[in-house]
Every structure is written in structure tokens, then in C-alpha cells.
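# A look at the structure
One-letter residues, chain by chain:
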Amino acid sequence: MTPPPTATTAGTGTPAPIADVTPGPALAAVGQLPVTPAPAFEAVDAPPVTPGPALAAVDAPSVTPGLAPAAVGIPPGTPASACPAGPVASPGRTRYQSAHPAEPLANPGRPHQPAGPLGARQPVAPATAGAESARAAHPATGGALVLVGMLLVALNLRAAVTSLGALLDEVRDGLALSGATAGFVTTLPTIAFAALGALTPWLVRRVAPARVLVVAMLALATGQVLRVVTDSTLVFLLTSALALAGIAVANILLPMLVKQHFPHRTGLVTGAYTMALTVGTTVAAASAVPVAHAFGSWRAGLGVWAALAAVAVLPWVPLALRARAAARRATPTAAVTPRIRIRPGRTRLGWAMAVYFGAQSLSGYAIMGWLAQLFRDAGHRPETAGLLLAGVTALGVPIALIMPTLAGRLRTLRPLVLTLTAASTLAYLGLALAPQGPAPLWVALLAIGQGAFPMILTTIGLRARTAEGTVALSAFAQSTGYVIAALGPLLVGILYEATGGWTAPIGFLLVALAVQTGAGMVIARPRHIEDEA
């Protein structure tokens, strides 16, 4: 009898007998022809050859797994080294496997991997799969364009607020606002930021951040236009709320975008957009009154900033289109990624961040809303009072650039927290005791103290490892913090109207500063929200 064909056993070079191959019922069911496997397996290390008839079964219907060995005449219990390659059943399709049938096939749905030295498929590295999922989840990276868009958005984040603070007297006269209503107007930003900022994580789980920012900047531009064309107090408040809604969403998104697109340059990029925010705040406070006087109406001094918001839309339009196209191309496997829900409200770190953010925002918005009025009451002209208010933000520009870098390099934030507290304390005491004295000195000290804002924005990124953790911590700290901050301008206005002076309002700000310092001691120690949530 003619001896059966032989094949080289993988790894030994020893010929191994191969049983006669007779087409059994499994192959006959799919229309296969008898196959002689010897030519395809004469040398394991030979260059790839053109697949013969044995590979024609790749697109055939599924073969019942338990019948494949019997169908080709291989008795049960035959060692793997003596088994020829052949069709192996897999879900939905018959695939071709190497000479080791016990070796698992690559998982369906994973990227195709080239064959290894012995014809085995190489496993997909988990890091590669994770990277592909991340790219699918965040398709619109666009580095430079994202950075430009972030800076333009940051320029708009306070212009609508500080321009109103500089023109508050004119707005009160033009709309016949009472003192309580004027206090509510200065409190409205914090109310909007608290209420709408909390919805931002829900939005970004369903809509790409670029598309959210397009709508946010359009809302800001529209609201600023509509509020200057009305004589109704109610309409003025509602349209101001619309504009502030756009700012509220952007407030939450910027720290997340830093973590998502610039994870290794958190301090630098945070400093850049915080500096842009400070520049926008400064320019709006300094120029609102001159613009209003040039056009003969406070409406021009407020409405001109709508154009800046419209410009901020432009970089996000192509990024939004790119994100939408990438979402359509994404496979279901890449698009569905498990999410771990982080609840900062259940952690000590989350509440400390919220209290610190709230206390510094309380003083910040009280200063933006009432500092110009304080200097007017001290005898300064309206233009000078506006310039002094602008000086706080102007001096804050280099502080905003330096503070995130310092916060990122220090092992503990305690030195920064205590330095900022000392500067604010001296400024408040100076304003209470000698408001007509060295006003530029009080302005400089206030600017240093307001460095708490860029520090806390940087700390949000430093106290989270992931983009999901960053947006959760940012939303909780800012939305809860703005609830606290809403008390600032309102209580300052009530105390000012009740006492007719500034001693009681400044005393209130000193109490808030003490609370801020206590929370700062808690967040100074390095740790991450993911470890506590």
C-alpha cells in the first residue's frame, strides 16, 4: 500500500503521518470537493502560497463544531502536532486555522492581525484596542484648531459680565431698575452658571463637545444682541440669562478639553486660556464706558461684545462637522465604550473643590459687580473707576499665565493658597479703611488674590486622571460653587443698600475669604477624584 502523505511537524521537523482525507457529511453539505492537503503543508516556514481548494470553505456556512474532526477522518484524541490544518467552525463563518486546532481564533470584531511565524494569529494588544476606542470616542482632535477655538471662547467668558458691571449705573437709569433688581442682575451670572453648568456632563455624553460649543457661542451672541434692544426689565433679564447659558456650558467644557486634547500640557494650556479669559474681562471692563459714551448709549457698550462671540463660533464649526462625520464612520464596537460614573458629590475632595471654587467666585463676582461703584463712591470719576476695575483683570493676565504652571509643579498647593489669602486680606482692609488712598495698590493686591481662579481651574485637571473624571469634577465644583457664589453680589448689594457704606460688605467678603482658605488647605494635598468616587 502506498504510504500516506506526510507533513513536517511544527517546531521539530519530524514527519508526522496524516490520515486519508475523505470528504465527510459536513463538507458534502457545503459543496466541498475532496482535498489533498500535502502540497499546502510541505514546509511550515516556506513563503506564503496561493490558497488551494482547502481555503474555499472560508465563506461557507457554519460547520457544526463537534463534527469537524470526524468529518475529515481524524480520530478523537489525536495530538495537536499530528492534526492537519483544516476548516474550523467559528460563529457565523468557517475559518482556516493553523496546525494547532486547540489554538483559539482571533475574537470576532477585533482588527485583523497578520499571521505570525507559525501561521498563528497574533493577539490584539489591549492598549491598541483602547487607543482605537479612545480615538472613536474623541474623533475631532485637530490640535491647533482646538487651541484657537478654546482661546476665542475664553475671551468671551466674562466680557458680558464685566461690561455690565462697568455700566451698571447707566443700565439702572435706562431700565429704571431698583437696587434689589440691580443686585439680582449682578447675581444672575452665578445662578445661570450653577443651574446650566450641572447639565453639561449630560450634554457631552450625547453630543460632541464641538457641537455643544457651537450652540453655546450662538446663544451668547444672540442673548447679547437681544438684551440691548429692549426696554423691558423682564426681557432684559431673560436675554441676559440666554447669553449666560452659553458661558455656563463653556465654563465646564474648557477644563475637559484641556485634559482630552492636551493631557501632558495641562498647566500651560490652562494658563493660556485663563490668560485669554482675563484679557477679555479686562478689555470689556475698560472699554465698555468709552464705547457707550462714543455712541451715546449704554446699549452700544453692552451689545458690541456679541460680535466677539460670533467670531468664537467659527473654529468650532469645522470641528463639529468632523466629529459628526467620524461618529458616522465609527463601528458599533468602537463607539460603545464602558463608562465609569464618577460622583464627586460623594467625596471630600469634590466638596472641598466646590467650596473653594464657590468662595473665590463669590469674591470675584462681587468685585466685578461692585468695585467700580465703590471707587465712584470714593470720589473717582466713572471712567477712572472703570479703569481701576479693568486694572484688576489686567494685572491678572500675567498671574493667570504663571499660576497654572506653579500649581502644576508644586508638590503641595499650600504656599499658593496662603499667599493668595494674604493678598486678598490686605486689599479688603485697604478698601475699607482708605478707598481714596493708594487705589492702584489695592487693585494690585486684589489682582494677586484673584489668582485663586486660575489656580482652581488648574487644580480641577490635576485632581483627575481622565477626561471623564475632569468633566465630572469640573461640573460639580463649578455648578455647586456658583450656587455659593450667587450669594456674593446679592448680599453685597443688600448690605450696601442697608448700610449706605462699604464696611459691612467688605466684612462679609473677609468671612468668605476665611472659608475659602479652609477649603484650600483640603485641596492642597495631591490626590485624584477617581480614587475617592
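These numbers were taken from a predicted model, which means no experiment stands behind them.

Given 3.6 residues per turn, any residue in an α-helix points the same way as the ones three and four places further on. Every buried residue of helix H13 (residues 305-313) is accounted for by Trp305, Ala306, Ala309, Ala312 and Val313. Along the axis of H13, the buried positions cluster into a sector of 110°, meaning they face one direction only.

A word on the packing of aromatic side chains. If you walk through the whole model with that rule in mind, you get eight aromatic pairs. With a centroid separation of 5.7 Å and 55° between ring planes, the pair formed by Trp370 and Tyr496 is classed as tilted. You can see Trp370 sitting in helix H16 (residues 348-377) and its partner Tyr496 sitting in helix H22 (residues 487-499), a full 126 residues away along the chain. Taken as a pair, Trp370 and Tyr496 share a single burial class, namely buried. Among the aromatic residues, ring-to-ring pairing joins Phe193, Phe357, Phe453 and Tyr482 into one connected group.

The next point concerns the packing of helix H21 (residues 467-485) against H22. Contact pair H21 / H22: the axes reach a minimum separation of 5 Å and the direction vectors enclose 0°. In this view, H21 runs roughly parallel relative to H22, as classed from their interaxial angle. In contact with Val483, Ile484 and Ala485 of H21, H22 contributes Leu487, Gly488 and Pro489. Its residues placed into classes, the contact of H21 with H22 shows five nonpolar, one polar and no charged.

What follows concerns empty space enclosed by the protein. Over the atoms, a rolling probe the size of a water molecule traces out where space has been left empty. Applying the stated rule across the entire model yields seven cavities of 30 Å³ or more. What the largest cavity holds in volume is close to 330 Å³. Lining the largest cavity are 23 residues, and of these Leu277, Met368, Thr393, Gln450 and Phe453 sit closest to its centre. Those elements that provide at least two residues to the lining of the largest cavity are helix H11 (266-295), H16, helix H17 (382-409) and helix H20 (452-462). Quantified by volume, the second largest cavity comes out at close to 140 Å³. Together, 14 residues line the second largest cavity, and Val161, Leu164, Val185, Thr186 and Pro189 are the ones closest to its centre. Secondary structure elements with two or more residues in the lining of the second largest cavity: helix H5 (159-166), helix H7 (179-197), helix H10 (233-261) and H16.

In this section: a positive patch on the surface. Residues Arg205, Arg206, Arg341, Arg343 and Arg346 make up a contiguous surface patch of positive charge. Residue classification places Arg205 among the partly exposed positions, given a relative accessible area of 43%.

Residues at a pLDDT of 70 or more form 71% of the protein, whose mean pLDDT is 76. Here residues 1-76 is modelled with pLDDT under 50, and outside its nearest four sequence neighbours on either side it reaches 71 contacts, counting other chains as well. Contacts for the low-pLDDT stretch residues 80-141, under 50 throughout, to residues beyond four places or in other chains number 88 contacts.

Analysis parameters
Residues numbered from 1 in each chain as written. Predicted model: local features only at pLDDT ≥ 70, side-chain atom pairs only at ≥ 80, totals over all residues. Heavy atoms only, no water. Buried < 20%, exposed > 50% of the residue type's maximum accessible area, 1.4 Å probe, protein only. Helix = DSSP H or I, 4+ residues; strand = E, 2+ residues; numbered from the N terminus. Arc of directions from axis to C-beta. Phe/Tyr/Trp six-rings, centres within 6.5 Å; stacked < 30°, edge-to-face > 60°. Axes fitted to C-alpha atoms, helices over the stretch in contact; angles between N-to-C directions. Parallel < 35°, antiparallel > 145°, perpendicular 65-115°, else oblique. Contact = heavy atoms within 4.5 Å. Nonpolar A, V, L, I, M, F, W, Y, C, P; charged D, E, K, R; others polar. 1 Å grid on protein atoms, 1.4 Å probe; cavity = no way out; pocket = protein on both sides within 12 Å on 5 of 7 lines; lining within 4 Å. Points joined across faces, edges and corners; volume = space filled by probe spheres on them. Patch = residues over 30% accessible without salt bridge, like charges linked within 9 Å, V, L, I, M, F, W, Y side chains within 5 Å. Areas by Shrake-Rupley, 256 points an atom, 1.4 Å probe, with all protein chains shown as cover. Salt bridge = Lys/Arg side-chain N within 4 Å of Asp/Glu carboxyl O. Lys, Arg positive; Asp, Glu negative; His and termini not counted. Charge placed at Lys NZ, Arg CZ, Asp CG, Glu CD. pLDDT = per-residue confidence, 0-100.

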